[in-house]
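Single-letter residue listing:
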Amino acid sequence: MLPDFCHKVLPGYVGGVQEGAVTPAGVVNKYEINGLQAWLITHLLWFANSHLLSWFSPTVIFDNWIPLLWCANILGYAVSTFAMIKGYFFPTDARDCKFTGNFFYNYMMGIEFNPRVGKWFDFKLFFNGRPGIVAWTLINLSFAAKQRELHGHVTNSMVLVNVLQAIYVLDFFWNETWYLKTIDICHDHFGWYLGWGDCVWLPYLYTLQGLYLVYHPVQLSTPYALGVLLLGLAGYYVFRMANHQKDLFRRTDGRCLIWGRKPKVIECAYTSADGQKHHSKLLVSGFWGVARHFNYTGDLMGSLAYCLACGGGHLLPYFYIIYMTILLTHRCLRDEHRCANKYGRDWERYTAAVPYRLLPGIF
């Protein structure tokens, strides 16, 4: 609810009131982009209460891990159920509702495209970008504090996990305005998949590495730790620069330089739901000339680094890279199916120019 002030004091940060993408019904929603501010306030309060005022222990999240799991599940199911009831009886915009005739599919995948309460409380942006992802770094800090309490020190593997995942979280909040144009906001409806997933799946599954290291502390050799750090940073660089290239290309309508050269494009046309014909451009330069979803490749490199930081003693920390591979491969195929239907033969020209999806020469 707090108006954003970070964009007034941080050069290059885009916050405050911003417009999202056009919905299928032609609506352009406005958002209060204040996620970085929310993250900063939350963590300042955390440090003040746990370290300065000592109102609670910094291990409080770990110490209440199972009770918090019950609370998160109650919240996730309550939000999902409310969103479905709202979609049936008092939707924010009935034109953006999708009814399949299958009750369970409607519940899981959502009816409303952008359910809102009041002018600013947007369910999709809030649950995607507040409780779970803000908690991610708090949870990791609590795990580090518990490791120190149990074993007398914090291992370099725990430091690596905290640092690499904090970079990812801070990148999300720094680029929250860009996030308004991603598949989660632009194409997914809000149901159990997002509501429960953001409240339970994200904070409990994305933090498995830290939880594992509390019980099984791993002190990595210096060369191995440096290798993991470099892999994580390289993955982040690919992820961020690929997204930056696409964003720059869109903002300038192709009038820019990518890797020092004028970008190569494929001109295409498509027809929207209202029968209007539109023209667009598909980028085939930079990372987008290497593979069609090379930003996902960078994401997977970072995910692998989180897991490798835990050593090779158990499979559990590697669940994350397995899950992310399945998730991003599915998202990749789903996005390509939508683009093939949208662009037709122009998409075939694009896939001929950039033949690989994620890994050049492999897939």
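Look up a bit, the structure's there.
Read on for a plain summary of the structure.

The rules behind each value
- Residues numbered from 1 in each chain as written.
- Predicted model: local features only at pLDDT ≥ 70, side-chain atom pairs only at ≥ 80, totals over all residues.
- Heavy atoms only, no water.
- Helix = DSSP H or I, 4+ residues; strand = E, 2+ residues; numbered from the N terminus.
- Rg over C-alpha atoms; globule rule 2.2 N^0.38 Å.
- Buried < 20%, exposed > 50% of the residue type's maximum accessible area, 1.4 Å probe, protein only.
- Contact = heavy atoms within 4.5 Å.
- Areas by Shrake-Rupley, 256 points an atom, 1.4 Å probe, with all protein chains shown as cover.
- Lys, Arg positive; Asp, Glu negative; His and termini not counted.
- Charge placed at Lys NZ, Arg CZ, Asp CG, Glu CD.
- 1 Å grid on protein atoms, 1.4 Å probe; cavity = no way out; pocket = protein on both sides within 12 Å on 5 of 7 lines; lining within 4 Å.
- Points joined across faces, edges and corners; volume = space filled by probe spheres on them.
- Axes fitted to C-alpha atoms, helices over the stretch in contact; angles between N-to-C directions.
- Parallel < 35°, antiparallel > 145°, perpendicular 65-115°, else oblique.
- Left-handed = near helix turned anticlockwise from the far one by under 90°.
- Nonpolar A, V, L, I, M, F, W, Y, C, P; charged D, E, K, R; others polar.
- Phe/Tyr/Trp six-rings, centres within 6.5 Å; stacked < 30°, edge-to-face > 60°.
- Lys NZ or Arg CZ within 6 Å of the ring centre and 35° of its normal.
- Salt bridge = Lys/Arg side-chain N within 4 Å of Asp/Glu carboxyl O.
- Polar contact = N/O pair within 3.5 Å; in protein donor to acceptor, adjacent residues only side chain to side chain.

**Things to note about the overall build of the protein**
Then, number 1: The number of helices and strands found in the protein is 17 helices and six strands.
Then, number 2: The C-alpha atoms of the protein give 22 Å as radius of gyration, which agrees with the globular expectation for 363 residues (21 Å, within 12%).
Then, number 3: Every one of the 363 residues in the protein was classed for burial, and the buried ones make up 51%.
Then, number 4: Taking all contacts inside the protein whose residues are at least 6 apart in sequence as the whole, residues at least 24 apart take part in 71%.
Then, number 5: Total accessible area computed for the protein in this model is approximately 18,200 Å², and 66% of it derives from carbon and sulfur atoms.
Then, number 6: The positive charge centre, built from 30 side chains, and the negative charge centre, built from 23, are 6 Å apart in the protein.

**Brief notes about the layout of surface pockets**
Then, number 1: Approximately 480 Å³ is the volume attributed to the second largest pocket.
Then, number 2: Along the wall of the second largest pocket there are 16 residues; nearest its centre are M1, L2, N34, F126 and R130.
Then, number 3: Elements that contribute at least two residues to the lining of the second largest pocket include exactly β2 (28-33), α2 (35-52), β4 (121-122) and α6 (123-129).
Then, number 4: Tallying contributions element by element places α2 first for the lining of the second largest pocket, with four residues.

**Some details on the environment of F294**
Then, number 1: With respect to the helices and strands, the residue F294 is situated in helix α15 (residues 294-308).
Then, number 2: Remark: the alpha-carbon pair of F294 and M241, spanning 53 residues in sequence, is separated by 9.9 Å.
Then, number 3: Apart from residues no more than four positions distant in its own chain, F294 is found in contact with V238, F287, W288, R357, L358 and P360.

**So, the packing of helix α4 (residues 65-89) against helix α11 (residues 192-205)**
Then, number 1: Across the interface, α4 lies against α11 with an axial gap of 7 Å and an inter-helix angle of 170 degrees. One finds that α4 runs roughly antiparallel with respect to α11. As for how α4 packs across α11, the hand of that crossing is right-handed. Contact residues: W65, L68, L69, A72, N73, L75, G76, Y77 and S80 in α4; W192, G195, W196, C199, V200, P203 and Y204 in α11.
Then, number 2: A class-by-class count of the residues in the contact of α4 with α11 yields twelve nonpolar, four polar and no charged.

**Side note on the environment of A242**
Then, number 1: Position of A242 relative to the elements: it lies in helix α13 (residues 222-252).
Then, number 2: The class of A242 is buried, set by a relative accessible area of 0%.
Then, number 3: For A242 and F82, which are 160 residues apart along the polypeptide, the C-alpha to C-alpha distance reads 37 Å.
Then, number 4: Look past the residues within four positions of A242 in its chain and what remains in contact with it is F287, W288 and N295.

**Let's talk about the packing of aromatic side chains**
How two aromatic rings sit relative to each other is set out by the distance from centre to centre and by the angle between their planes.
Then, number 1: The final tally for this structure, using the stated rule, is 34 aromatic pairs.
Then, number 2: Residues F319 and Y323 carry aromatic rings whose centres are separated by 6.3 Å and whose planes lie at 10 degrees to one another, so their mutual orientation is stacked. One end of the pair, F319, and the other, Y323, are both in helix α16 (residues 319-343), four residues apart, so they sit about a helical turn from each other.
Then, number 3: Residue placement shows K124 over the ring face of F113; its charged tip is 3.9 Å from the ring centre.
Then, number 4: The ring centre of W178 lies 5.2 Å from the NZ or CZ of R240, which sits over that ring.

**Some thoughts on the pattern of salt bridges**
Then, number 1: Scanning all chains against the criterion turns up 15 salt bridges.
Then, number 2: When the shortest N-O distance is used, the salt bridge between D93 and R95 registers 2.9 Å.
Then, number 3: Among the residues examined, D93 registers a relative accessible area of 18% and is labelled buried.
Then, number 4: Measuring nitrogen to oxygen at the nearest pair gives 3.7 Å for the salt bridge that ties D253 to K281. Residue D253 is located in the loop between α13 and β5 (265-271), and its partner K281 is located in strand β6 (residues 277-283); the two are separated by 28 residues in the primary sequence.
Then, number 5: Classification of K281 by relative accessible area gives partly exposed; the value is 28%.
Then, number 6: Linked through salt bridges whose partners overlap, the residues forming this network are D63, K146 and E149.

**Concerning the side chain of S142**
Then, number 1: Along the polypeptide, S142 turns up in helix α7 (residues 131-151).
Then, number 2: Within the local environment of S142, its side chain forms a polar contact with the backbone nitrogen of I61, the two atoms lying 3.4 Å apart.
Then, number 3: Leave out the neighbours within four places in its chain, and S142 touches W46, P58, T59, V60, I61 and F62.

**Some thoughts on the side chain of N162**
Then, number 1: Mapped onto the elements of the fold, N162 is located in helix α8 (residues 156-174).
Then, number 2: What makes N162 buried here is its relative accessible area of 14%.
Then, number 3: When neighbours within four sequence positions are excluded, N162 is seen to be in contact with N140, L141 and A144.

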